[in-house]
Amino acid sequence: MQASILGQRLDRRYEVVRSRASCVFGQTYIAEDSRRPGSPKCVVKLLKPACSAPEFLENARRLFLTEAETLEKLGSHDQIPRLLAYFEESEDFYLVQEYVEGTLLTDELLLGHCWDVIKTLKLLREVLQILQFIHSQNVIHRDIKPDNIIRRRQDERLVLVDFGTVQQVRTRVAVQGQATATISVGTPGYMPTEQSHGKPRPSSDIYALGVIAIQAITGLHPNQLQEDEETGELIWKPWADCDPELAQIVET
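Residues numbered from 1 in each chain as written. Predicted model: local features only at pLDDT ≥ 70, side-chain atom pairs only at ≥ 80, totals over all residues. Heavy atoms only, no water.

Caption draft 1: Inspection of the pairing of strand S4 (residues 41-47) at higher detail. With six of seven residues buried, S4 is to be regarded as a mostly interior element. By the bridge criterion, six bridges tie strand S3 (residues 27-33) to S4 in an arrangement that is antiparallel. Bridging across to S4, Gln27 finds its partner in Leu46. One ladder, built from six bridges, connects S4 with strand S6 (residues 92-98); its direction is antiparallel. Its bridge partner being in S6, Lys45 is matched across the sheet by Leu95. (Buried < 20%, exposed > 50% of the residue type's maximum accessible area, 1.4 Å probe, protein only. Helix = DSSP H or I, 4+ residues; strand = E, 2+ residues; numbered from the N terminus. Pairing = 2+ DSSP bridges.)

Caption draft 2: Representation of the packing of aromatic side chains within the structure. Following the criterion strictly, the structure yields four aromatic pairs and no others. Aromatic pair Phe64 and Tyr86: ring centres 6.3 Å apart, planes at 65°, arrangement edge-to-face. Pair noted here: Phe64 is in helix H1 (residues 54-74) and Tyr86 is in strand S5 (residues 83-89), with a separation of 22 residues, a long-range link. Among the aromatic residues, those joined into a ring-pair cluster are Tyr14, Phe87 and Tyr94. Above the ring of Trp115, the side-chain terminus of Lys119 is found at 4.3 Å from the ring centroid. (Phe/Tyr/Trp six-rings, centres within 6.5 Å; stacked < 30°, edge-to-face > 60°. Lys NZ or Arg CZ within 6 Å of the ring centre and 35° of its normal.)

Caption draft 3: Structural detail: the nonpolar core. Judged by nonpolar contacts, the single largest core of 43 residues is most densely connected at Leu74, Ile134, Leu160, Ile212 and Trp236. Contributions of two or more residues to this core are made by H1, S6, helix H2 (117-136), strand S9 (158-160), helix H5 (202-218) and helix H6 (244-251). With eight residues, H5 is the largest single contributor of residues to this core. Those residues in contact with Leu74 that lie beyond four places of it in its chain are Ile80, Phe133, Ile134, Gln137, Val139 and Phe163. If you look at the next biggest cluster of nonpolar residues, it comprises 13 residues, including Ile5, Tyr29, Val44 and Leu46. (Core = buried A, V, L, I, M, F, W, Y, C linked by side-chain atoms within 4.5 Å. Contact = heavy atoms within 4.5 Å.)

And the structure:
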């Protein structure tokens with residue numbers, strides 16, 4: 001288990017005020033930037049390499065820099081949090097990103113409550129535009145789910161967060177001196193078969209968004225749906241009262 005950094009000041013600047021989320025790959029915190037007026041909030045992601053051997057750390061450092069450069073490019077999109085800083089302290093790696101004030105899409109997808117066609121199409125259109133951008137940058141999100149989509153308070157637009165950069169770095173350096181793409185990253189219920197086998201593709205993100213749309217129009221969580229034994233596709237139409245054109249969009 002990773003030691004908490006709550007209460008610490010990172011890079012002599014970022015005061016860590018609370019924990020946000022954790023996984024086997026790292027930890028995410030909310031911090032305050034003490035060098036900016038009003039000490040605005042930001043998101044700090046911590047990666048603790050699994051090994052402290054010099055050659056291992058050097059490989060991790062190189063991959064971390066590459067991922068930070070990728071986040072810098074992605075942050076040019078208005079609906080993706082900006083990268084504010086990245087640094088290394090005591091052989092740990094940190095990413096600092098823009099904090100997005102708003103509500104999780106999870107809070108809108110209520111069990112037993114079905115969205116109408118217009119609202120669902122708006123969701124699909126908005127997130128697809130973001131995915132089109134990140135895929136054009138040769139990036140796969142790998143964890144599209146309601147918890148990673150925030151409705152920004154200031155303008156009600158959807159923002160895609162948690163790009164799994166820490167997960168990618170940790171995955172690649174999990175085996176000393178070797179890169180690997182065989183470790184599965186994602187959330188059960190939202191990721192397709194190829195992603196669960198450690199082979200994500202851009203279409204994996206599209207699949208996950210389709211599952212979210214199914215969740216919206218059925219009022220059911222993905223874990224409540226069964227799969228067709230022959231095709232592996234989710235069986236959802238019996239619980240959806242939606243426009244045939246929308247059903248076709250979701251299926252494709």
